[in-house]
Amino acid sequence: MPTARIAPLTARKAWRALLDHHKTVSRVHLKKLFEDDAARGERMTVEAAGLFLDYSKNRITGETLDLLVQLAEESELRKRIDAMFAGEKINVTEDRAVLHTALRSPKDASILFNGENVVPRVHAVLDKMAGFANRVRTGEWKGYTGKRILNVINVGIGGSDLGPVMAYEALKYYSDRSITFRFVSNIDGSDFSEAVRDLNPCETLFIVSSKTFTTLETMTNAHAARDWLLAALGRDLNAVGKHFVAVSTNRAKVSDFGMDSENIFEFRDWVGGRYSMDSAIGLSTMIAIGPDNFRAMLDGFHEMDEHFRTAPFEKNIPVVMGLLAIWYNNFFGAQTVAVLPYEQYLKRFPAYLQQLTMESNGKRVTLEGNEAGYDTGPIYWGEPGTNGQHSFYQLIHQGTRLIPCDFIAFASPLNPLGRHHDILMANLFAQTEALAFGKTAEEVKADGVEDWLAPHRVFEGNRPSNTIFAQRLTPETLGKLVALYEHSVFTQGAIWDIDSFDQWGVELGKALAQRIIPELENTAEPGLSHDSSTNNLIRRYRMMKEAL
Ligand code: F6P
């Protein structure tokens, strides 16, 4: 059991100073901050690892950042970063190290865990993945009937799905278009049925991705996939080896499924599910974009890791973003952060971030097991621009809630088309400008708007945003972007003093579902002992099911 190391967050000097400081800063409009400092827009920026962060449109002054950095120091963030990179068991409730950074370390690095340098094994798995990916991509790997693989289906859920889907969508431009990629995650049978409905089993490869190889959804879908395949291939179990590979930390369970040990791609329990897209869980990504692009993505991750590990906090992009998240969450009471990529290929990025951020920092007790007593993980959400502009931006501009936004943009489009990219970028710049500076009642009236209508047309402004800017969406840039958010989440969790690497909150629902499944499946009326609502819903479901 961890013992208390530092003062509770709300007793730290910087925290108290920030509370006072907030009283002043929260009354100042961004317009004023910009008027008072002509160079603010150039000064409040950081450029590192090929990413440029403009954080000037935040409701902060130089002093705010100094105090936030002081808070990071008092929270021993540096020590926590070093502990993570050194493979210490910072995931205390699961007694595990947190070493996803080792997955992207160069071949000649040495990272010791329990006295073993883990890097050679990481690279051995990468080489095995590359060999396999190349065989599938070139058609050398044949299905059971001798046909080449034209469809790859990743079966997994949570971190064993969201990373692969997001990366596939994000890097589709670089993918082999002769292969169809699909992702089955949901236990809703429609997910599997839709994924395979137009596919030929003889040309289909399933990658069963599950860290534990026990997850109900994944195992049920994997069995459905095996049945689907065997039904078409004459029930010959030898076909399984040609059409199924597994990615897991649980070799024994994979063998039970009937998979050849040659077809298992391993990773270790020091890789959390939501931090695993660059482990063997990325096998579908590697098949899609090829081993060289996958390695470029890992290089991108590594560059951001090194920046996070070594840069001073005030020049450290993930730290600055993490601290700003704390500023809004804990001092302004903001409950959410919107992530708005102006890049269609990043359409699944907000969904990916939801698991990364909320499974990591959705915790109500500190490492010592005490009630935190302050808000932790904000809700992350978003949609690509400009689509979001035509749906929920109204609330961000004129609603009653403060919603800090991360805008993500790239200078070079992957698919140049007429004026599209300039128009896209103009919209992004316009949104951050409108959010920050708004439009006053005087300006509205000067446009000839009648008095009664003016309040509806006023934009208060003073709504904060970050802009993250990169040259182009490449595998490398994607790695940097994901690592940036991973480390921002880490920074937040370290300051809140919580375990960002466990996820006990998902367990109760799983256990209750296991209890309820037989109550739905039994032909005999079950004796129900839930609450009256759950009992009633179960009875109603059974009745409606029977009525079919
Ligand atoms: O239920 C939550 C969770 O454990 C996630 O943390 C994880 O990414 C997901 O389920 C899938 O787990 P597995 O890879 O073991 O199937």
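This text goes with the structure placed above it.
As the structure is a prediction and not an experimental result, all values here were calculated from the model.

Rules used in this analysis
Residues numbered from 1 in each chain as written. Predicted model: local features only at pLDDT ≥ 70, side-chain atom pairs only at ≥ 80, totals over all residues. Heavy atoms only, no water. Near = heavy atom within 4 Å. Polar contact = N/O pair within 3.5 Å; in protein donor to acceptor, adjacent residues only side chain to side chain. Areas by Shrake-Rupley, 256 points an atom, 1.4 Å probe, with all protein chains shown as cover. Nonpolar A, V, L, I, M, F, W, Y, C, P; charged D, E, K, R; others polar. 1 Å grid on protein atoms, 1.4 Å probe; cavity = no way out; pocket = protein on both sides within 12 Å on 5 of 7 lines; lining within 4 Å. Points joined across faces, edges and corners; volume = space filled by probe spheres on them. Helix = DSSP H or I, 4+ residues; strand = E, 2+ residues; numbered from the N terminus. Pairing = 2+ DSSP bridges. Axes fitted to C-alpha atoms, helices over the stretch in contact; angles between N-to-C directions. Contact = heavy atoms within 4.5 Å.

Asker: Please clarify how the site of the ligand should be interpreted in this entry.
Answerer: Looking at the ligand, there are 14 residues lining it, with S160, S210, K211, T212 and T215 nearest. Between the ligand and the protein, one listed contact pairs an oxygen atom with a backbone N or O atom of K211 at 2.7 Å. Within the side chain of E359, an N or O atom sits 3.0 Å from an oxygen atom of the ligand. For the ligand, whose unbound accessible area comes to 390 Å², protein coverage reaches 88%. Of the residues contributing to the shell around the ligand, the split by class is two nonpolar, nine polar and three charged.

Asker: I would appreciate a short explanation of empty space enclosed by the protein in the present structure.
Answerer: In this approach the atoms are scanned with a rolling probe the size of a water molecule, which exposes any empty space left behind. Counted by the stated rule, this structure contains two cavities of 30 Å³ or more. A volume near 120 Å³ is recorded for the largest cavity. Along its surface, the largest cavity is lined by 15 residues, and M321, A325, V337, D406 and N466 are the ones closest to its centre. Contributing elements (two or more residues each) for the lining of the largest cavity: α14 (317–331), β12 (405–410), β13 (465–470) and α20 (475–496). Broken down by element, the residue count for the lining of the largest cavity peaks at four residues, all from α14. Counted as a void, the second largest cavity has a volume near 50 Å³. In this structure, the second largest cavity is lined by R80, I90, F490, G493, A494, I498, D499, S500 and F501. Top element by residues in the lining of the second largest cavity is α20. It accounts for three residues.

Asker: What exactly am I supposed to notice about the sheet that holds strand β6 (residues 180–184) here?
Answerer: The strands making up a sheet are joined through hydrogen bonds of the backbone, oriented either antiparallel or parallel. The parallel open sheet is built from five strands, whose spatial order is β6-β5-β7-β8-β9. One side of each edge strand has no neighbouring strand; the edge strands of this open sheet are β6 and β9 (264–266). On average, each strand axis in the sheet is inclined to that of its neighbour by 20°, with strand direction left out of account. For strand β5 (residues 151–155) and strand β7 (residues 204–209), the ladder comprises five bridges, and the chain directions are parallel. Note that in β7 the partner of V155 across the bridge is V208. Of the strands in this sheet, β5, β6 and β7 touch helix α8 (residues 189–196), which is tilted by about 170° from β6.

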